[in-house]
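# Observations on chain architecture
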Amino acid sequence: MRNIIILLSILFFSCASHQDVKAQQGGFPFKLPIKKPNRELSAAMERNYDAYMAPIPQNNELYTQFKYTELKGFDYNNHNGTISRRDPSKVIFANGKYYVWYTYRNTPTPPQGAAKCNDTIPSSDWDLCEIWYATSEDGFTWEEQGVAVPRPPKPNVGWRSVSTTDILEWKGKYYLYYQGFMQASGKRGDDCPVAVSYADSPDGPWTPYNKIVIPNGAEGEWDQYSIHDPYPLVYKGKIYLYYKSDANGQPNLIRMQGLATADNPLGPFTKCPLNPVINSGHETTLFPFKEGIAALVIRDGNEHNTIQYAEDGVNFNIASIVSLMPNAGGPFIPDAFTDTKDGRGITWGISHLTTVTTWKENHAILLRFDCDLSQDVHDEGMKRNHIYYKPEHYYKHGLNAKQKARILEENKELKKKN
Ligand code: AAL
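Our subject in this report is the structure included herewith. (Residues numbered from 1 in each chain as written. Predicted model: local features only at pLDDT ≥ 70, side-chain atom pairs only at ≥ 80, totals over all residues. Heavy atoms only, no water.)

The next subject is a nonpolar patch on the surface. A cluster of nonpolar side chains, contributed by Leu-324, Tyr-389, Tyr-394 and Tyr-395, occupies part of the molecular surface with about 480 Å² of accessible area. Its place among the elements puts Tyr-395 in helix 3 (residues 391–395). Residue Tyr-395 is classed as exposed on the basis of its relative accessible area of 67%. (Patch = residues over 30% accessible without salt bridge, like charges linked within 9 Å, V, L, I, M, F, W, Y side chains within 5 Å. Areas by Shrake-Rupley, 256 points an atom, 1.4 Å probe, with all protein chains shown as cover. Salt bridge = Lys/Arg side-chain N within 4 Å of Asp/Glu carboxyl O. Helix = DSSP H or I, 4+ residues; strand = E, 2+ residues; numbered from the N terminus. Buried < 20%, exposed > 50% of the residue type's maximum accessible area, 1.4 Å probe, protein only.)

The ligand sits among Arg-86, Asp-87, Trp-126, Thr-164, Gln-179, Asp-190, His-228, Asp-229, Lys-244, His-282 and Glu-283. In this structure, Lys-244 approaches the ligand through a side-chain N or O atom, which is 3.2 Å from an oxygen atom. Here the ligand has 280 Å² of accessible area as a free molecule, and 96% of this is covered by the chains. For the shell around the ligand, the residue count by class is one nonpolar, four polar and six charged. (Near = heavy atom within 4 Å. Polar contact = N/O pair within 3.5 Å; in protein donor to acceptor, adjacent residues only side chain to side chain. Nonpolar A, V, L, I, M, F, W, Y, C, P; charged D, E, K, R; others polar.)

Here the bond from Lys-154 into Pro-155 is cis, since omega is 0°, no more than 30 degrees from zero. As for its placement among the helices and strands, Pro-155 is situated in the loop between strand 6 (142–149) and strand 7 (161–170). Put simply, Gly-204 and Pro-205 share a cis peptide bond, and its omega is 0°. Residues other than glycine seldom take positive phi values, yet His-79 does so here, at roughly 55°. With relative accessibility at 30%, the residue His-79 sits in the partly exposed group. Even without a glycine there, the phi angle at Asp-339 is positive, about 55°. Inspection of the secondary structure assignment puts Asp-339 in the loop between strand 19 (330–331) and strand 20 (343–353).

Listed below in structure tokens is the structure:
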């Protein structure tokens with residue numbers, strides 16, 4: 001009884017205090033204050049002013065919609081699954097044109113799974129791959145240039161497959177980091193470390209370092225099996241290489257992202273003691289923004305479909321909630337390697353889609369994404385709140401047989417009771 005009296009009095013005084021506050025400060029104003037008002041606010045309104053760069057998305061530099069364009073210049077064998085291009089690098093501009101590198105697979109069959117794979121039949125879409133590259137005058141029409149990093153001979157790192165690359169320009173030289181598989185992906189899991197090749201020109205020739213530069217974590221650590229999506233930026237005078245790992249194991253695999261830093265592109269890299277630094281996401285897409293680093297956090301985890309920001313490059317917080325995000329985005333970032341103290345942001349890049357056909361012809365295609373995550377552009381067409389989808393878009397995501405059966409049962413139970 002005593003506890004009930006205490007609870008009721010807490011509830012009474014709490015409501016009373018809010019009534020008092022309302023009496024003193026009046027209702028929240030109709031015109032949204034641009035600056036945080038000096039009044040007692042609910043948790044939601046505190047967050048609306050403290051967590052985001054502006055109280056409305058239209059003015060939030062890290063909010064955007066994404067627009068997509070099919071690329072010209074790539075052949076996919078009529079999408080029969082034998083040719084795949086995926087996991088594009090960041091885009092750079094050199095020698096008067098754009099460059100992008102990507103995972104290239106050209107095999108006699110589409111992927112057949114770990115049990116059926118062999119020296120010519122791939123287990124997965126990124127098995128038995130090389131790193132290829134293409135150049136473009138405008139970012140829409142591309143000219144494929146061919147192989148940049150082939151699979152090295154056994155037992156060198158990556159002899160089974162080299163995939164999921166990204167580019168670093170450091171002191172006039174170029175470095176391609178990539179996943180180096182020494183077994184077919186899917187044999188145990190998607191297990192691999194990261195290797196690197198280097199060149200004096202973005203056109204190569206590329207020399208493999210033939211050593212692991214980002215090792216797997218120790219046994220029992222979150223990144224013990226896979227170091228995916230190596231993504232180097234230059235920040236605070238160092239190489240900040242972000243990466244993904246698949247942790248927790250099946251059936252509840254989780255993807256989180258870590259950071260390793262180095263003073264030399266060939267290492268040694270030191271993993272951040274606070275890893276994982278991003279608790280969600282899939283492929284890594286980050287860029288310098290103002291004095292910090294921004295991240296596109298896609299697909300997986302509690303905080304998927306967000307753009308996040310860390311003013312120290314390590315401690316990320318949600319900066320906006322977005323939709324239809326680019327998968328495996330490789331943005332064009334003019335200040336990716338300038339060690340900028342005022343990152344200007346991004347407006348376009350290359351991403352991939354793995355949903356072109358059925359799983360039988362599994363492969364991926366590259367496409368272009370555009371956005372307004374730039375301090376130098378204010379594109380209202382990219383800052384709208386939502387996208388209108390046609391009914392058929394919703395109906396495509398319908399109930400499965402188990403869900404329909406559950407609803408049928410619920411209806412029957414309800415009729416029995418009434
Ligand atoms: C991609 C990336 C890595 C994974 C596989 C190929 O989306 O996350 O590269 O290993 O999937």
